[in-house]
Amino acid sequence: MSLVRRRPHFSTVMLIIGLLFLYLPMAVLVVYSFNSSRLVTVWAGFSTQWYSALFRDQQILSAVWTSLKIAFFAASMAVCLGTVAAFVMTRFGHFRGKTALSSMVTAPLVMPEVITGLSLLLLFVQMAQLTGWPADRGASTIWIAHTTFCSAYVAVVVAARLRELDSSIEEAAMDLGSPPLKTFFFVTLPIISPALAAGWLLAFTLSLDDLVIASFVSGPGANTLPMVVFSSVRMGVSPKINALATLIILTVSLATFLAWYFMRRSEAKRQQSLKQDAS
Amino acid sequence: MMLSHLTATLRRWQLGRRAVIAFPLVWLLLFFLLPFALVLKISLSQGAVAIPPYGPLVEYADQTLNIFLNLGNYLFLLSDSLYVAAYWGSVKTAFISTVVCLLIGYPMAYAMARAPARWQLLLLLLVMLPSWTSFLIRVYAWMGILSNSGLINNLLMGMGVIETPLRMMNTQFAVVIGIVYAYLPFMVLPLYAHLTRLDNSLLEAASDLGSRKLNTFIKVTLPLSMGGIIAGSMLVFIPAVGEFVIPELLGGPDTLMIGKVLWEEFFLNRDWPIASALAMVMLLLLLVPIVWFHRYQSRELEE
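Residues numbered from 1 in each chain as written. Chains lettered and ligands numbered in written order. Predicted model: local features only at pLDDT ≥ 70, side-chain atom pairs only at ≥ 80, totals over all residues.

## Digging into the overall build of chain A
Counting its regular elements, chain A contains 11 helices and 0 strands. The linear arrangement of helices and strands in chain A, starting from the amino end, is α-α-α-α-α-α-α-α-α-α-α. Its C-alpha radius of gyration of 24 Å places chain A more than 25% over the 19 Å reference for a compact globule of 279 residues. Each of the three principal axes of chain A carries a C-alpha extent, and together these read 80 × 70 × 35 Å. Look at the contacts in chain A between residues 6 or more apart in sequence, and 76% of them connect residues 24 or more apart. (Helix = DSSP H or I, 4+ residues; strand = E, 2+ residues; numbered from the N terminus. Rg over C-alpha atoms; globule rule 2.2 N^0.38 Å. Contact = placed C-beta atoms within 7 Å.)

Here it is in structure tokens:
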């Protein structure tokens, strides 16, 4: 063993700097949420008053509820749409409209939000003129908009899983006389269910987080959480928003930690069973 | 009998197959593609004081069919230097941010791909975690850090490095920081995906043949991760061009960006035809990058 410590690799240093860059601003948010002063930049002692102020804010609370409802339904519908789209693209070979479908699945991933929001609003306005629906824009129009762009993300996640999945299991089931629909529900779906869960969670966070598209397609009735946060943040820094940010960061960190823990455990189990098979 | 039964089953499957294809296809045609046609339509209409605030394109009166195609909105965009400057400002800011993201993100992804296998999942989750919190709140965090009475100025003045606060908020600098901060995970993810797939034996072969590290990196690693570089760069550049939240919260009067101009035309001036024309021109500008991204992505999807 040499006594001289090896100089860390340049990329390792950059990784540490990059992670610090990602996490320090969030740490600052968390620390200042416990500040007793209204001025977010001056430390005046520890206090949890902004959390109680947050929980008394009816506007924020009702916006949280609206956002959670929309995100739940948008994510669920996006998983249905995205999974079917991914299945069709990876398993159906060639069909008419395949290029169109695959373009419409990848384009929303990069499409600037102002364009998507504006175009969907114009659609809803024209639909209302022609058919009378939607008479009022609100939660339902936001749900459609979110479902559409979230399904693209779900499709990408699920298609990645389907591609690495060995299709011989499905073929075996079909050879043994299982009809395609049954094969899909009883063979394919159980195997790709972790990808569906990941896609659902991704869609859920994307929907919860969206400000721009929701602002375009919403009506006067529905205010989502990002809309309320945005109008407050525009006025400047507010400690109540820091408290909200801390709760969001805490929730996401906890969920991520659980996901990591279970993924690691299942990986360890898999390794162990591989070892047992080998011996 | 057997045969007719079989063909009936096959026909039923064929019908089912079509229905399955139709479900996502029709939804996306209706809610993704059709809206763009409507944006094009409204961009060719005349602004009007009405609800909704634009005039009709086709009108039938006195036994004549009148079709109005108003190119005035597009000509107006060209004539007013504000819009040209906003497009240029957006492309410039997005380009600088993409390059900075790549310069930070590539070494990060490289280190992650080289890390011991049991660390990789944790590192990946650590990089992605911020993007699962809230975009808005992450941009907001920088308001408290960069403002005149913010954390950095407080620290520097407290240490006596500077007398008067540095003006960082509401500048181009703040917007670039905001975009890099918000989009960095989307740069790292595809780069990491490509770099982990890199076959180590190629690098060993290069070094066995006497290639030096830098040379191997430039001639082997870099070309093999090109797909990741393109995907990551497009995932940052294209949305950044149309970014609204970041220039609105961190930018100032000198940071003109097209997403913000479009937002203001739509929500403040209620000029839907101009906003639509702005969106069409932005789409045209981004068409080449979007097609590039799509070609890369569909290759990934079909392989």
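## Side note on the overall build of chain B
Each helix and strand counted, chain B has 13 helices and 2 strands in total. Its C-alpha atoms give chain B a radius of gyration of 26 Å, clearly above 19 Å, the size a compact globule of 303 residues would have. Here chain B, with 303 residues, has 44% of them falling under the buried criterion. A fraction of 72% describes how many contacts in chain B between residues 6 or more apart in sequence connect residues 24 or more apart. (Buried ≥ 20, exposed ≤ 12 C-beta atoms within 10 Å, placed from the backbone.)

## Quick look at the UniProt feature "transmembrane region" (unreviewed entry) in chain A
Under the local residue numbering, the UniProt record ascribes the feature "transmembrane region" (unreviewed entry) to residues 12-34, 70-88, 109-130, 142-162, 183-203 and 241-263 of chain A. Taken end to end, residues 12-34 of chain A has its terminal C-alpha atoms 33 Å apart, with 91% of it in helix and 0% in strand. (UniProt positions renumbered as here; feature names shortened; annotations may be inferred.)

## Brief notes about the UniProt feature "transmembrane region" (unreviewed entry) in chain B
All names here are of chain B. Per the UniProt annotation, the sites labelled "transmembrane region" (unreviewed entry) are residues 20-40, 85-109, 121-141, 173-195, 216-241 and 272-293. Along residues 85-109 the backbone is 100% helical and 0% strand, and the end-to-end C-alpha distance reaches 35 Å. Summarising residues 121-141: 90% helix, 0% strand, and an end-to-end C-alpha distance of 27 Å.

## Points about the interface of chain A and chain B
Facing 67 residues of chain A, the contacting portion of chain B comprises 75 residues. Looking at the side of chain A that touches chain B residue by residue, the classes come out as 49 nonpolar, 15 polar and 3 charged. (Nonpolar A, V, L, I, M, F, W, Y, C, P; charged D, E, K, R; others polar.)

## Quick word on helix α7 (residues 172-197) of chain B
All names here are of chain B. In this model α7 runs 37 Å from its N-terminal to its C-terminal C-alpha over 26 residues, within 8% of the 38 Å that 1.5 Å per residue would give. At Tyr183, α7 is bent by approximately 50 degrees, the largest bend along its length, and proline Pro185 sits one to four residues beyond. Counted residue by residue, α7 has 20 buried out of 26 residues, so it is predominantly covered. (Expected span 1.5 Å × (residues − 1). Bend = angle between axes of the 7 residues up to and from the residue.)

## Describing the confidence of the model for chain B
Residues with a pLDDT of 70 or more make up 98% of chain B, whose mean pLDDT is 89. Predicted as a complex, the structure gets a pTM of 0.91 and an ipTM equal to 0.90. (pLDDT = per-residue confidence, 0-100.)

## With respect to the pairing of strand β2 (residues 64-67) of chain B
The sheet contact formed by strand β1 (residues 58-61) of chain B and β2 of chain B spans 4 bridges and is antiparallel. Bridge pairing in β2 of chain B places Tyr60 of chain B opposite Leu65 of chain B. (Pairing = 2+ DSSP bridges.)

## Regarding the packing of helix α3 (residues 81-114) of chain B against helix α12 (residues 258-267) of chain B
Residues and elements named next belong to chain B. At a closest axis distance of 8 Å, the pairing of α3 and α12 adopts a crossing angle of 140 degrees. As far as their axial angle goes, α12 and α3 are oblique. Only Ile258, Gly259 and Val261 of α12 make contact with α3, whose side of the interface consists of Tyr83, Ala86, Tyr87 and Ser90. Of the residues that constitute the contact of α3 with α12, the class distribution is 5 nonpolar, 2 polar and no charged. (Axes fitted to C-alpha atoms, helices over the stretch in contact; angles between N-to-C directions. Parallel < 35°, antiparallel > 145°, perpendicular 65-115°, else oblique.)

## So, the packing of helix α11 (residues 239-278) of chain A against helix α4 (residues 117-132) of chain B
Packed helix pairs are characterised by how far apart their axes lie and by the angle those axes make with each other. Two elements in contact, α11 of chain A and α4 of chain B, have axes separated by 10 Å at closest approach and are oriented at 155 degrees. By the angle between their directions, the pair α11 of chain A and α4 of chain B is classed as roughly antiparallel. Considering only the axes of α11 of chain A and α4 of chain B, their crossing is right-handed. Listed contacts from α4 of chain B to Val252, Ser253, Thr256, Trp260, Met263 and Arg264 of chain A of α11 of chain A are Leu121, Leu122, Leu125, Leu129 and Trp132 of chain B. Considering only residue class, the contact of α11 of chain A with α4 of chain B consists of 8 nonpolar, 2 polar and 1 charged. (Left-handed = near helix turned anticlockwise from the far one by under 90°.)

## A look at the environment of Arg38 of chain A
Residues and elements named next belong to chain A. Residue position: Arg38 is located in the loop between α1 (10-32) and α2 (49-56). Judged by the 13 C-beta atoms lying within 10 Å of it, Arg38 is partly exposed. Through-space distance from the C-alpha of Arg38 to that of Lys240 is 9.2 Å; in sequence the pair is 202 residues apart.

## Some remarks on unusual backbone geometry
Residue Trp133 of chain A is joined to Pro134 of chain A through a cis peptide bond whose omega torsion reads -5 degrees. Its location among the elements puts Pro134 of chain A in the loop between α5 (113-131) and α6 (139-164). One non-glycine residue, Gln63 of chain B, lies in the positive phi region at around 60 degrees. You can see Gln63 of chain B is positioned in the loop between β1 and β2. Classification of Gln63 of chain B as exposed rests on a count of 5 C-beta atoms within 10 Å. In the Ramachandran plot, Arg270 of chain B falls in the positive-phi region, its phi being about 50 degrees despite a non-glycine side chain. Looking at the element boundaries, Arg270 of chain B is found in the loop between α12 and α13 (272-302).

## Some remarks on the environment of Leu82 of chain B
Locating Leu82 of chain B in the fold gives a position in helix α3. The spatial distance from the C-alpha of Leu82 of chain B to the C-alpha of Ile229 of chain B is 33 Å, given a sequence separation of 147 residues.

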